[in-house]
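Chain by chain, the residues run as shown.
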Amino acid sequence: MKTLKKVLAMCLALVLVLSFAGCHQKNEVAVKAGDDTFTSAFYMCALINADTAARTKIDEAKAAEKENATSSTTSATTDYFAETIDGKSYEDYVKESALNTIKRFVYVKRMCDENNLTISEQEKNNSLTMTEYYWNYYGYASLFEANGVSLATYKEYTLYSLYEDKYFNFIYGEGGDKAVSDTDIKNFLYSNYVIADVLSASVASKKDSEKALVQTDFEKYKGRLEKGETFEKIYKEYNKVKEDTTSSTTSSTASLATSSTTSGSEENKALAPKDSYAQVIGSKETSYSSKQYETIKAMKTGEVKFVKDDESGYYYLFVKGDITADPYYLEGLKKNVLNDMKFDEFEAAIKAEAAKVELKTVAFAINQFKVKKIKYPY
């Protein structure tokens, strides 16, 4: 009996050894590009991002096919693995996208090295702080950790965006080979951006009688504003903000823009807009794109307008400002405008050059990751 127990114990130990041998080890290399190496966890990070991007691509396409459809309603019923993207099966597209991302990282990093473009400690620390914020408060931890990706790996992954920013500004920023003039930036800004003070109310779940009450309140505010009361007073009354509050002045209003890229970056902290309540609203050509842009653009400076957006389920009260009268926006939105103007061109060039990067993949490290096995905890 003792002999039998020893044999069983040895067999169990062998099974455990083989089992652990089938798992990827810490810092195991999965992808190589010359002297650049990327771990299995890094590849998995790229695979997860490629999968979420592919799902969004399909959701948006299906939403466009059906009026009033949303990503949330389509994603709940879509069999993604039955779909094709760019003529490829869903799974093949995602795997190819993950490797293309790594090729892109390699190329951009090499271009920065060749041109002596370095990331400052301040830039790195700012990026890592933002990464930790998204990790802890936007559900990134639950998604990536469920798939074996640590915060340390995710930080390494997101740092590559800094190299892209550096290289983009090297090309299109002041002194670059394709530098955009201040005049062109100004013209684009004033042609595609507006500012407005905004009150908003979600009425999607309200009864008609309740919607009518909201409209009545907004029309009363409109009348008071037209008679000379300040937006600040109306805003604080509407949001029940105490006079001595130190909270953000715009936190209670729904953002109209699709981009939350702030114009108050580190180098612009000394600047401040004249109207601290003003929201930036952009055309469809911008990162601040809003369907309300055309409505506000057509208004006169200082004009007050009540708008019902039944499709989105919001009621708005707008007071149009004059973006040309505040120098803050020329400086504060400069990077956004440059990105709006040249990112598509940059993207096409990077995609073409990155495609030339040769990768060597470690079959064992790569093949253990299956797109179908990516876990979504929500």
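Bear in mind the structure is a predicted one, so any value in this text is a computation, not a measurement.

Rules behind the numbers
Once a new chain begins, its residue numbering starts again from 1 and follows that chain's sequence as written. Totals for whole chains, interfaces and linings use every residue, but because this is a predicted model, local features are given only for residues with pLDDT of at least 70 and side-chain atom pairs only at 80 or more, for both listing and counting. Remark: hydrogens and water are excluded; side-chain values derive from all non-hydrogen atoms of the structure. With axes taken as lines fitted to C-alpha atoms, and helix axes fitted only over the stretch in contact, angles between N-to-C directions fall between 0 and 180 degrees. The numbering of helices and of strands both runs from the N terminus, where a helix is a DSSP run of H or I of at least 4 residues and a strand a run of E of at least 2. Every angle not falling under 35 degrees, over 145, or within 65 to 115 is termed oblique; those three ranges are roughly parallel, roughly antiparallel and roughly perpendicular. Each helix crossing is assigned a hand: it is left-handed if the near helix lies turned anticlockwise from the far helix by less than a right angle, otherwise right-handed if that turn is clockwise. We call two residues in contact whenever any of their non-hydrogen atoms come within 4.5 Å of each other. Following the grouping adopted for this structure description, the nonpolar residues are Ala, Val, Leu, Ile, Met, Phe, Trp, Tyr, Cys and Pro, the charged ones are Asp, Glu, Lys and Arg, and the polar ones are all others, Gly among them. A pair is scored as a salt bridge if a Lys or Arg side-chain nitrogen falls within 4 Å of a carboxyl oxygen belonging to Asp or Glu. Accessibility here uses a 1.4 Å probe with only protein chains present; expressed as a share of the type maximum, an area under 20% marks a residue as buried, one over 50% as exposed, and anything in between as partly exposed. A pair of strands counts as paired when DSSP detects no fewer than two bridges linking them.

**Notes on the packing of helix H10 (residues 208-226) against helix H11 (residues 231-239)**
Direction vectors running N to C along H10 and H11 enclose 155°, while the axes themselves pass 10 Å from each other. In terms of their interaxial angle, H10 and H11 are classed as roughly antiparallel. In the packing of H10 onto H11, the handedness of the crossing is right-handed. Listed contacts from H11 to Phe218, Tyr221, Arg224 and Leu225 of H10 are Phe231, Lys233, Ile234, Glu237 and Tyr238. Here the contact of H10 with H11 is composed, by residue class, of 6 nonpolar, no polar and 3 charged.

**A short note on the packing of helix H4 (residues 90-114) against helix H14 (residues 334-354)**
At their nearest, the axes of H4 and H14 sit 9 Å apart, and the two run at 100° to each other. Viewed along their axes, H4 and H14 adopt a mutual orientation that is roughly perpendicular. In this structure, H4 contributes Lys103, Arg104, Tyr107 and Val108 to the contact, and H14 contributes Phe343, Glu347, Ile350, Glu353 and Ala354.

**Notes on the pattern of salt bridges**
One pass over the full model with this rule turns up 20 salt bridges. The residue Asp51 makes a salt bridge to Arg55 at a minimum N-O spacing of 3.2 Å. Highlighted residues: Asp51 and Arg55, both in helix H2 (residues 40-65), separated by 4 residues, approximately one helical turn. The buried category is assigned to Asp51, whose relative accessible area is 0%. Residue class for Arg55 comes out partly exposed when judged on its relative accessible area of 21%. Here Arg224 and Glu229 are joined by a salt bridge, their closest N and O atoms 2.9 Å apart. The class of Arg224 is partly exposed, set by a relative accessible area of 22%. Taking relative accessible area as the criterion, Glu229 reaches 27% and is therefore assigned partly exposed.

**Comments concerning the sheet that holds strand E5 (residues 193-202)**
Pairing is antiparallel in the open sheet, where 4 strands are placed in the order E6-E5-E8-E7. Of all strands in the sheet, those bounded by a partner on one side alone are strand E6 (279-282) and strand E7 (304-309). Direction aside, neighbouring strands of the sheet carry axes that sit 45° apart on average. Relative to E6, E5 runs antiparallel, the two sharing 4 bridges. Across the sheet, the residue bridging to Ala196 is Gln279, located in E6. Helix-sheet contacts for H10 involve E5, E7 and strand E8 (314-320), and the interaxial angle to E8 is about 5°. Most of the contacts of H11 go to E5, to which it runs at about 25°, and overall it touches E5 and E8.

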